[in-house]
Amino acid sequence: MDGTTWARLDAVLAADDIWSALFALTEEAPADLPAAVEARYGQASKDERRHLAWLLRCAGERGDPVLLRLLGVSGGDGAEDLLRTAVQRQLRIPAAELHRLAEELGAAEALVDAMGLSCDPGFAPFLGALLKNKTLGGRAALALGRLGAREWTVPIARRLPALTGLDHGAFVVALELLDDPAAIPHLLRELEEKRAPAGDVHHALVALTGQDPLLPLAPPNGNYSEFLHRVWSERRLDDRVDHRLDDRLDDRLDHRYPPSMGPVTPCSPRRARFALDDGRGRIRIDYDPPTPGSFWPRWDKSLRIDGQPVYRVGSDCGTCETTMHLLGWPPRAAREGADRLRTALADVDDLGAGVLDAAAPLIGELPSGHYRAHLADLAVERVTDPAASWWARRHELRVDAEPYGEDAFGDWPGTDHFQLRDRIPGETPTYGVLLPSQPLDALDAETVARYTSAIAAGRRPAALALAWVEDVCVEAEHAERFLVTAILDGHHKLAAYAASGVPARVLLLSRAEDNRGPEEGWSAAFNEVMGRL
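Residues numbered from 1 in each chain as written. Predicted model: local features only at pLDDT ≥ 70, side-chain atom pairs only at ≥ 80, totals over all residues. Heavy atoms only, no water.

**Observations regarding the overall build of the protein**
Part 1: The helix and strand tally for the protein stands at 22 helices and 16 strands.
Part 2: In summary, the protein has a C-alpha radius of gyration of 26 Å against a globular reference of 24 Å for 533 residues, a match within 12%.
Part 3: Structurally, the protein occupies a C-alpha span of about 75 × 60 × 40 Å along its principal axes.
Part 4: The buried share among the 533 residues of the protein stands at 51%.
Part 5: Sequence separation of at least 24 residues holds for 67% of the intrachain contacts in the protein that already meet a minimum separation of 6.
Part 6: Accessible surface, the protein as shown: approximately 23,800 Å² in total, 49% of it carbon and sulfur. (Helix = DSSP H or I, 4+ residues; strand = E, 2+ residues; numbered from the N terminus. Rg over C-alpha atoms; globule rule 2.2 N^0.38 Å. Buried < 20%, exposed > 50% of the residue type's maximum accessible area, 1.4 Å probe, protein only. Contact = heavy atoms within 4.5 Å. Areas by Shrake-Rupley, 256 points an atom, 1.4 Å probe, with all protein chains shown as cover.)

Structure representation (structure tokens):
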């Protein structure tokens, strides 16, 4: 181990501004930092050990072996800090070690979370006994959900009437994790007895039944629970047919309620609206499973395509940065009607001539909801340099903002993408980005060239994308909007448009439920942004 790293670590722990010093050390990231932390840990005070555990967390995989070794020889508060860090790293701790820690720490929060990550069903009785614990009940339910301990489905569901707030949410999410139809009658009873939050229960029913009934944007008479109970009581749930997304992606799509796209209502030659009932939800923005150790049972969201989380979207927080981080590419699956769709989009001037009818098979893969279709011409450019992306440039454009430094590049979504060359006009700074669902460096050059020739000849092939508007006030100081679009079809077309400098024709599909606001369910931000394209 380099003595320089040891000395640097000592200086950091003695610094007056400890957190600035810690952050600076993580940015330097010396290769032997985990070894220095391990050597220093035995001599450290309680506060210093907490800081050392944080450094191991920031070290990522390099710090994990050290973290587990220290956990094996630690006790008391130090063990709990290390255990909490191991949970944040989502490490699987050996069962014998967890039993030892249970005897020493009792039913600590981090221990409950770690048991849920252990994959050991032997911890289920211990966790089940904590379901009535006022402090740990929600964590215990989520831990049982992660273990897949279905023998606890009914006991968890029976606790719902006694719960409110985050505890109620944690138990509902636990039932989703268990994926057990035995929970369905209990969730229906929650609606029948008008217990809140009804929307959370509805989300669980969609997840457990594979059915997604279309709901009005505003419930009749304002009684959401009563309305949802009536909707679900009219459904046949006696024989659940699961057509939901999962890792197997099998052919279980012959469920009782196939996707039903309502009549298309034109608003103008380039704009229309329609509703989708019982959408399959293979392409959707949805909540991620809760992060172990998190206080919130529902927080982060991801864009999912064919079962694969493709981009982490972020949370519903209205003061957080808009970010999109690549998680992985979806499988390249053939879609019903793909040839018909590409023919309909080969040269598009308006939304007539059955354009949306041709897109119906792909639209059916979206979640149920109220949709608008916009045929827009967007001046796009391809971005390969993080410094040229709006994700970084937005920081420079904030009025009276502190310099963001190199960390601005941390918002880079992790892949080349397209973006609007200029900001969208308006009082609030607004940026447009088009994120790929396949790697742009794998595009076929001949196909791009063919579209480039067609564009030069005056044809206007259209790409197809899912769109929504993020409207936030970062840190409650900087109002900012992003038109975020995920490309569903037409990557080669967009590459050709970007290379030719001709505005790209894009058919944008947007769902009211992803752009909620007081005006007929659509946010004012969405209406303003789309009106300026």
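Moving on from the coordinates now.
**A look at the confidence of the model for the protein**
Predicted coordinates in areas of low pLDDT are best not read in detail.
Part 1: Confidence in the prediction for the protein averages 89 pLDDT; 91% of positions are at 70 or higher.
Part 2: Under a pLDDT of 50 for its full length, residues 241-255 has, in the predicted model, 28 contacts with residues more than four places off or in other chains. (pLDDT = per-residue confidence, 0-100.)

**A word on helix α12 (residues 165-178)**
Part 1: Counted at 1.5 Å a residue, the expected span for α12 with its 14 residues is 20 Å, and the 20 Å between its end C-alpha atoms agrees.
Part 2: The element α12 is largely enclosed, with a buried count of 10 among its 14 residues.
Part 3: Restricting attention to buried positions, one finds in α12 the residues His 168, Gly 169, Ala 170, Phe 171, Val 172, Val 173, Ala 174, Leu 175, Glu 176 and Leu 178.
Part 4: Along its buried surface, α12 packs onto α10 (137-147), α11 (153-158), α13 (184-192) and α14 (198-209).
Part 5: Among the residues trailing α12, Asp 179 stands out with phi positive, at a value near 55°. (Expected span 1.5 Å × (residues − 1).)

**With respect to the sheet that holds strand β4 (residues 283-287)**
Part 1: The 4 strands are arranged β4-β5-β6-β7 in an open sheet whose pairing can be described as antiparallel. What marks the edges here is a single partner per strand, and that holds for β4 and β7 (325-326).
Part 2: Taken together, the 2 bridges between strand β6 (residues 308-314) and β7 define a ladder with antiparallel strand orientation. In the strand pairing of β7, Tyr 311 is matched with Leu 326. (Pairing = 2+ DSSP bridges.)

**A closer look at the pattern of salt bridges**
Part 1: Going through the model one piece at a time under the given rule, you end up with 36 salt bridges.
Part 2: The residue Asp 347 makes a salt bridge to Arg 459 at a minimum N-O spacing of 3.9 Å. With Asp 347 in the loop between α16 (338-344) and α17 (355-358) and Arg 459 in the loop between α20 (445-456) and β12 (462-474), this residue pair connects regions lying 112 residues apart in the sequence.
Part 3: Overall, the relative accessible area of 39% leaves Asp 347 in the partly exposed class.
Part 4: On the basis of relative accessible area, Arg 459 is assigned to the partly exposed category, the value being 40%.
Part 5: The salt bridge involving Glu 528 is made with Arg 532; its shortest N-O contact spans 3.6 Å. (Salt bridge = Lys/Arg side-chain N within 4 Å of Asp/Glu carboxyl O.)

**A look at helix α22 (residues 524-531)**
Side chains that are three or four residues apart share a direction in an α-helix, a result of its 3.6 residues per turn.
Part 1: Of the residues making up α22, those classed as buried are Ala 525, Phe 526, Val 529 and Met 530. All buried residues of α22 lie within an arc of 120° about the axis, which places them on one face of the element. (Arc of directions from axis to C-beta.)

**Brief notes about the pairing of strand β13 (residues 478-489)**
Successive residues of a regular strand alternate their side chains across the two faces of the sheet.
Part 1: Burial analysis of β13 places 11 of its 12 residues in the buried class, which makes it a mostly covered element.
Part 2: Here strand β11 (residues 430-435) runs beside β13; their pairing, made up of 6 bridges, is parallel. Bridge assignment links Thr 430 to a residue of β13, and that residue is Arg 481.
Part 3: Here β12 folds back onto β13, and the loop between the two strands holds 3 residues, one of which, Glu 475, carries a positive phi near 55°.

**Things to note about the packing of α13 against α14**
Part 1: α14 packs onto α13 with a crossing angle of 155° between their chain directions and a minimal axis gap of 10 Å. When the axes of α13 and α14 are compared, the pair comes out roughly antiparallel. By crossing handedness, the relation of α13 to α14 is classed as left-handed. Residues Ile 184, Leu 187, Leu 188, Glu 190 and Leu 191 of α13 lie in contact with α14, whose contacting residues are Ala 198, Val 201, Ala 204, Leu 205, Leu 208 and Thr 209. (Axes fitted to C-alpha atoms, helices over the stretch in contact; angles between N-to-C directions. Parallel < 35°, antiparallel > 145°, perpendicular 65-115°, else oblique. Left-handed = near helix turned anticlockwise from the far one by under 90°.)

**Concerning unusual backbone geometry**
Part 1: Phi at Gln 90 is positive, roughly 55°, even though this residue is not glycine.
Part 2: With respect to the helices, strands and loops of the structure, Gln 90 is situated in the loop between α6 (76-88) and α7 (95-105).
Part 3: Although it is not a glycine, Glu 475 sits at a positive phi angle of roughly 55°.
Part 4: Among the secondary structure elements, Glu 475 is positioned in the loop between β12 and β13.

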